[in-house]
Amino acid sequence: MFIVSIINKVELTHSAYAFSRIYAEEKQKTELEMLKKINDAKEFGISEIHAIVETGDPRNMIGNVLPSQENIDLIVMGATGKGAIQQALVGSTTSYVVSHAPCTVLVVK
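Residues numbered from 1 in each chain as written. Predicted model: local features only at pLDDT ≥ 70, side-chain atom pairs only at ≥ 80, totals over all residues. Heavy atoms only, no water.

Caption draft 1: Spatial organisation of helix 3 (residues 58–70). Relative to the 18 Å expected for 13 residues at 1.5 Å per residue, helix 3 spans just 16 Å between its end C-alpha atoms, considerably shorter than the ideal helical length. Of all bends in helix 3, the biggest is about 30°, found at Asn-64, and the proline Pro-67 comes one to four residues later. For helix 3, the complete set of buried residues consists of Pro-58, Met-61, Ile-62, Gly-63, Leu-66 and Pro-67. Considering only its buried residues, helix 3 is in contact with strand 1 (2–8), strand 2 (50–56), strand 3 (74–78) and helix 5 (93–100). Looking one or two residues beyond helix 3, the residue adopting positive phi is Asn-71, at roughly 55°. (Helix = DSSP H or I, 4+ residues; strand = E, 2+ residues; numbered from the N terminus. Expected span 1.5 Å × (residues − 1). Bend = angle between axes of the 7 residues up to and from the residue. Buried < 20%, exposed > 50% of the residue type's maximum accessible area, 1.4 Å probe, protein only. Contact = heavy atoms within 4.5 Å.)

Caption draft 2: Here's a closer look at the pattern of salt bridges. Here the structure, examined in full by the defined rule, presents 3 salt bridges. Among the ionic pairs, Lys-29 bridges to Glu-26, the shortest N-O distance being 3.8 Å. Residue Lys-29 and its partner Glu-26 are both found in helix 2 (residues 19–43); the two are separated by 3 residues, about one turn of the helix. On the basis of relative accessible area, Glu-26 is assigned to the partly exposed category, the value being 27%. Of the charged contacts in the structure, one is a salt bridge between Asp-57 and Arg-59, with a shortest N-O distance of 3.9 Å. For Asp-57, a relative accessible area of 37% translates into the label partly exposed. (Salt bridge = Lys/Arg side-chain N within 4 Å of Asp/Glu carboxyl O.)

Following this line, the structure appears as structure tokens:
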């Protein structure tokens with residue numbers, strides 16, 4: 001099982017702060033969230049868990065790159081992770097993954 005979080009590089013580069021500082025803070029926050037999710041999964045009896053934290057285009061990484069690299073046969077993801085305005089500007093990661101992933105995608109709400 002893989003738990004994946006992709007830090008959107010586009011959102012980081014449009015920040016007023018220095019890229020490296022924002023990236024370090026975002027990566028640390030994301031890794032902490034991952035540890036919580038891994039602990040939750042282990043409590044439910046899932047022992048083999050691989051965490052992936054990358055920077056890039058979430059749509060491409062989740063919908064194309066990782067399924068091919070890791071031979072993934074099922075992607076489970078939330079219906080949305082952003083507000084309506086930001087979703088309209090950035091585009092829907094979930095819609096992209098559903099349309100482009102080479103495997104089955106289960107969308108949860």
